[in-house]
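Coordinates in review
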Amino acid sequence: MAQFVNIRHFFIRRKKSRPPAGLGKNPENSDNFGDKIRGKQIFPHFLGFYSIILQTPDFIGEKWRNPIKIRAALKDNGFVFVAKQSPSDVAALLDSLGEVIYTTDVRVKSASKVLVTSSCALDFHTDHHLPKWILWHCIEQTDDGGETILVDAAKIYRNLDGAHKSALSEIMLFEHKMFGGDRGYYPLVAEKDGVLRFYYFFWTARENLPEAQKSALSAFRSALVAEPPVKIKLGKGDVIIVDNHRILHGRCEIKGTRNRFLKRFWVQCHQQKGETT
Ligand SMILES: [Fe+2]
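So, here is what we can say about the structure in this document. These numbers were taken from a predicted model, which means no experiment stands behind them. (Residues numbered from 1 in each chain as written. Predicted model: local features only at pLDDT ≥ 70, side-chain atom pairs only at ≥ 80, totals over all residues.)

Remarks on the overall build of the chain
Across its full length, the chain holds seven helices and 17 strands. Counting only residues that meet the buried cut, the chain has 36% of its 277 residues in that class. (Helix = DSSP H or I, 4+ residues; strand = E, 2+ residues; numbered from the N terminus. Buried ≥ 20, exposed ≤ 12 C-beta atoms within 10 Å, placed from the backbone.)

Structure below.
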């Protein structure tokens, strides 16, 4: 049974306050990933029966450009939804967040073997480890499916037992090198100065993980499946910004007219300048 959350209430409340072969340059650009999705049916939670749906119409028309409020919401929730933004609004938002390091047109291409431009559902993941923020700006939306789904990895991790937390930090996940300094492998979770940082491409984990790590990964995934995701259907002009080091994102299958078109921006925050990747 779906649960419904009034988005205005949601935001006002928070205003207070070795790798598999075949991966592409961008890990989402991966036939291997798609094979795993289709072959192993790893998305039981994509049935969406227990999804939280944020009812965007309640928020339409409201302008919320204050960067301080947006940063506060990002800190509290790990993501923020901003309705009806023009390209110039988005440019200002991006400028307030940091430096755009990569831009992608996320749209369905017929017979695409590249996941991000296919119509397939995408399981929860982070993008490349480097961008702190991901901003999606909806240019067009399909009339069926294509909802964005989000889940807070930090919340799930904190509820695990100590042994599982420790083992998760030892799991190294593969990443294709896109930027100078990329190392190619990153820990699933790391902690620095009390701040957790996730890199979650679980399908790139070695199949022969030590038992403790395998158990920890299984516990994490089970908790992930059990957690009701936030599910948002973006309308034209709508924006979602997520903390890519905390919030896992995915999407539902794109059906219907399939004219969904999102501009995706990877943003490195100002504090990351000089940070080695
Ligand atoms: Fe992604």
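As for the nonpolar core
Counting residues in hydrophobic clusters, the biggest one holds 50 residues, and the most contacted among them are Phe 79, Leu 135, Trp 136, Leu 173, Leu 188, Ile 240 and Ile 241. When residues in this core are grouped by element, the largest group, five residues, is from strand β6 (residues 133-140). Setting aside residues up to four positions removed in sequence, Leu 188 forms contacts with Leu 168, Ile 171, Leu 173, Phe 198, Tyr 199 and Tyr 200. (Core = buried A, V, L, I, M, F, W, Y, C linked by C-beta atoms within 7 Å. Contact = placed C-beta atoms within 7 Å.)

Considering the pairing of strand β11 (residues 189-192)
Direction of pairing for β11 relative to strand β12 (residues 195-198): antiparallel, over a ladder of four bridges. Across the sheet, Glu 191 pairs through a bridge with Leu 196, a residue of β12. Between β11 and β12, which pair antiparallel in sequence order, lie two residues; one of them, Asp 193, sits at a positive phi of approximately 55 degrees. (Pairing = 2+ DSSP bridges.)

Some words on unusual backbone geometry
Positive phi outside glycine occurs at Lys 84, with the angle close to 50 degrees. Its identity as a non-glycine residue notwithstanding, Asp 193 has a phi of 55 degrees, on the positive side. Mapping Asp 193 onto the fold places it in the loop between β11 and β12. Asp 193 sits in the exposed class, given 4 other C-beta atoms within 10 Å.

Some thoughts on helix α3 (residues 67-77)
Listed in full, the buried residues belonging to α3 are Ala 73, Leu 74 and Asn 77. Down the axis of α3, the buried set is contained in an arc of 100 degrees. They therefore lie on one face. Those residues of α3 that are exposed and angled more than 90 degrees off the buried face are Pro 67 and Ile 68. Just downstream of α3 lies Gly 78, where phi reads positive at about 85 degrees. (Arc of directions from axis to C-beta.)

Some remarks on the sheet that holds strand β3 (residues 79-82)
Ordered in space as β3-β14-β6-β17-β4, the five strands form an open sheet in which the pairing is antiparallel. If you trace the sheet from one side to the other, it starts and ends with β3 and β4 (98-107), each paired once. Adjacent strand axes in the sheet meet at a mean angle of 15 degrees, parallel and antiparallel pairs treated alike. Against the sheet, α3 contacts β3 and β14 (239-243), and its axis sits at roughly 135 degrees relative to β3. (Axes fitted to C-alpha atoms, helices over the stretch in contact; angles between N-to-C directions.)

Side note on the environment of Val 189
Tracing the backbone through its elements, the reader meets Val 189 in strand β11. The exposure class of Val 189 is buried, given the 21 C-beta atoms found within 10 Å. For the pair formed by Val 189 and Ser 169, sequence separation is 20 residues and the distance between their alpha carbons is 5.0 Å. Apart from residues no more than four positions distant in its own chain, Val 189 is found in contact with Tyr 157, Leu 168, Ser 169, Leu 196 and Phe 198.

Quick word on the environment of Met 178
Considering the arrangement of structural elements, one finds Met 178 in the loop between β9 (172-174) and β10 (185-187). Each C-alpha atom, one on Met 178 and one on His 128, is 8.5 Å from the other, the two residues being 50 residues apart in sequence.

Let's talk about the environment of Ser 86
With respect to the helices and strands, the residue Ser 86 is situated in the loop between β3 and α4 (87-97). Take Ser 86: there are 11 C-beta atoms within 10 Å of it, and that puts it in the exposed class. The spatial distance from the C-alpha of Ser 86 to the C-alpha of Lys 236 is 9.6 Å, given a sequence separation of 150 residues.

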